[in-house]
Amino acid sequence: MIKNIKDYIMPTYGERKLEFKEGSGCYLISTDNKKYLDFGGGIAVNSLGHCHPKLVNALQEQASKLWHTSNLYYSSLQENYAEQLCKNTFADKVFFTNSGVEAIEAGIKVVRSFHSYHKNFHKKNIITFEGAFHGRTFAALSAQQNKKYFEGFEPLMPGFLKVPFNDLINFKKNIDENIGAVLLEPIQGEGGIRPFDLKFIEEVRKICDKNNILFFLDEVQSGFGRSGKLFSYEWTKIEPDILASAKGIASGFPFGACLSTEKACIGMTKGKHGSTYGGNPLAISVATEVIEIISNKNFLNSVDKNARYFWRKLKNIEKKFDEIIEVRGAGLLLGIKVKSDNIIISNLLTENGLLNVPANDSVIRLAPPLIITESEIDEALKIIEKVFGKINE
Ligand SMILES: *Cc1c(COP(=O)(O)O)cnc(C)c1O
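Residues numbered from 1 in each chain as written. Predicted model: local features only at pLDDT ≥ 70, side-chain atom pairs only at ≥ 80, totals over all residues. Heavy atoms only, no water.

### A closer look at the site of the ligand
Quick note on the threshold: Each residue is tested against the molecule or strand, and it is near if at least one of its non-hydrogen atoms lies within 4 Å. Two N or O atoms count as a polar contact when they lie within 3.5 Å, although within protein this holds only if one can serve as hydrogen donor and the other as acceptor, and sequence-adjacent residues are included solely when both atoms are side-chain atoms. Side-chain classes are defined by residue name, with Ala, Val, Leu, Ile, Met, Phe, Trp, Tyr, Cys and Pro counting as nonpolar, Asp, Glu, Lys and Arg as charged, and the others, Gly among them, as polar.
In the region of the ligand, the neighbouring residues are Ser99, Gly100, Val101, Phe133, His134, Gly135, Glu185, Asp218, Val220, Gln221 and Lys247. Phe133 is positioned such that a nitrogen or oxygen atom in its backbone is 3.3 Å from a nitrogen atom of the ligand. Between the ligand and the protein, one listed contact pairs an oxygen atom with a side-chain N or O atom of Lys247 at 2.6 Å. In terms of residue class, the shell around the ligand is made up of 3 nonpolar, 5 polar and 3 charged.

### Re the layout of surface pockets
Using the following cut-off: Grid spacing is 1 Å over the protein atoms alone, the probe is 1.4 Å, and a cavity is where that probe fits but cannot get out, while a pocket is an open set with protein on both sides within 12 Å along at least five of seven lines and lining residues have an atom within 4 Å of a point. Grid points are joined across faces, edges and corners, and a volume is the space filled by probe spheres set on the points. Think of it this way: any DSSP run of H or I at least four residues long counts as a helix, any run of E at least two long counts as a strand, and we number them from the N terminus.
Its boundaries defined by the atoms lining it, the second largest pocket holds a volume of some 890 Å³. In terms of lining residues, the second largest pocket is bounded by 29 residues, among which Gln78, Glu79, Val94, Phe95 and Phe96 are the most central. For the lining of the second largest pocket, the element with the most residues is helix H3 (residues 76–87), which contributes 5 residues. Class assignment of the residues belonging to the lining of the second largest pocket gives a composition of 13 nonpolar, 10 polar and 6 charged.

### Some remarks on unusual backbone geometry
A cis amide bond, omega 5 degrees, links Glu154 with the succeeding residue Pro155. Mapped onto the elements of the fold, Pro155 is located in the loop between helix H6 (147–150) and strand E6 (160–163). We note that Ser70 has phi near 85 degrees; this positive angle belongs to a residue other than glycine. Take Ser70: it is sitting in the loop between helix H2 (53–63) and H3. Residue Asn212 is not a glycine yet carries a positive backbone phi of 55 degrees. Of note, Asn212 is situated in the loop between helix H8 (198–210) and strand E10 (214–218).

### Here's the deal with the packing of aromatic side chains
Threshold: When the centres of two rings from Phe, Tyr and Trp lie within 6.5 Å, Trp using its six-membered ring, the rings pair. Their planes under 30 degrees apart give stacked, over 60 give edge-to-face, and anything left gives tilted. Think of it in three bands: with a 1.4 Å probe and only protein chains considered, a residue is buried below 20% of the maximum accessible area for its type, exposed above 50%, and partly exposed in between.
Here the structure, examined in full by the defined rule, presents 16 aromatic pairs. With 5.6 Å between their ring centres and 80 degrees between their planes, Phe39 and Phe310 make a pair best called edge-to-face. Placement of Phe39 in the loop between strand E3 (35–38) and helix H1 (41–44) and of Phe310 in helix H10 (residues 297–320) is noted, with a sequence separation of 271 residues between them. Accessibility expressed as a relative area gives 0% for Phe39, which makes it buried. Phe310 sits in the buried class, given a relative accessible area of 0%. For the pair Phe129 and Phe200, a centre-to-centre distance of 5.8 Å together with 80 degrees between the ring planes defines the contact as edge-to-face. Taken as a pair, Phe129 in strand E5 (residues 125–129) and Phe200 in helix H8 lie far apart in primary sequence, 71 residues in all. Residues Phe129 and Phe200 agree in their burial class; the two are buried.

Encoded structure:
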């Protein structure tokens, strides 16, 4: 607990009682010298844990060479990294950002510029889904249309149509000539760790193809190895036209990217978009190391293996405790839906040394670094069993 809490920062994050002074691998040390196992992972960000030696080294080396030149100049660092992203995915082109929501904004601009380029000026509407979270800018607030996030900030932007989660019949009813894109998180994160059915995603792709609609995935949280594949769409038979990536992409260094096929971003020509910092040399130096490690097949296989182990064990715990309604999620993005207040249980887990992040729909989110080992998973399971055991008493 922190003694002298100051309050110069706008209190949008509420009360914050824990402060950390250092981290290593999957552990964090608080300023009062307690050790925590980090299953929040900085909200699914610290994909390679804390202070990974290769990332520290890359950042330090770059920091002593060059910090920033602006996007007025060619950058072979950027081009080489973009090549890596494209070679490992569906994409042909990339736009760099500093955060997830900027990658969403860039994607929305790709959509609008595509239909405008082809003179289909009516195709302004984007379909989104109940429970979605795409970030906090006005476009993202308008896309997700969730009162919890937009209340008091109206008017929202027009051009978004929210439909029920995973419901193909309702989805089809909303398709008309004015739809320009579908924006979907393959695994809803903030919404409560809810994966869409793979079949649903594949059907949506087919409907998009038939109706000249772009398919835009938000993999800000579900991407970069979290599902056991580099991007979670790889579990389906389809590919998107556009994809937003961030969070795990640079393991904690602020960075994001909007990926696109060449066809979809045909309207993104000179002057159409920009960012002062996007693709900054420091961010790229870290991201280059991250993609090299995470795109490795052996690495992804070990994520998948550990995730399946964690899932089986959590399912056993689910059987034991009435308090748990459901264990859900995919890969190392798992959620425990509980009957009582998820915030109280989340705090109890934290007090017992296991960091986690609450999500909507009464869910406790577990998103450990992808380098987590079986014995660290066992340590987390022990704390989870202990806490639910106490609540059940
Ligand atoms: C976190 C998140 C965002 C927003 O990312 P920021 O980096 O906070 O702007 C967008 N979409 C999803 C799915 C997210 O989880």
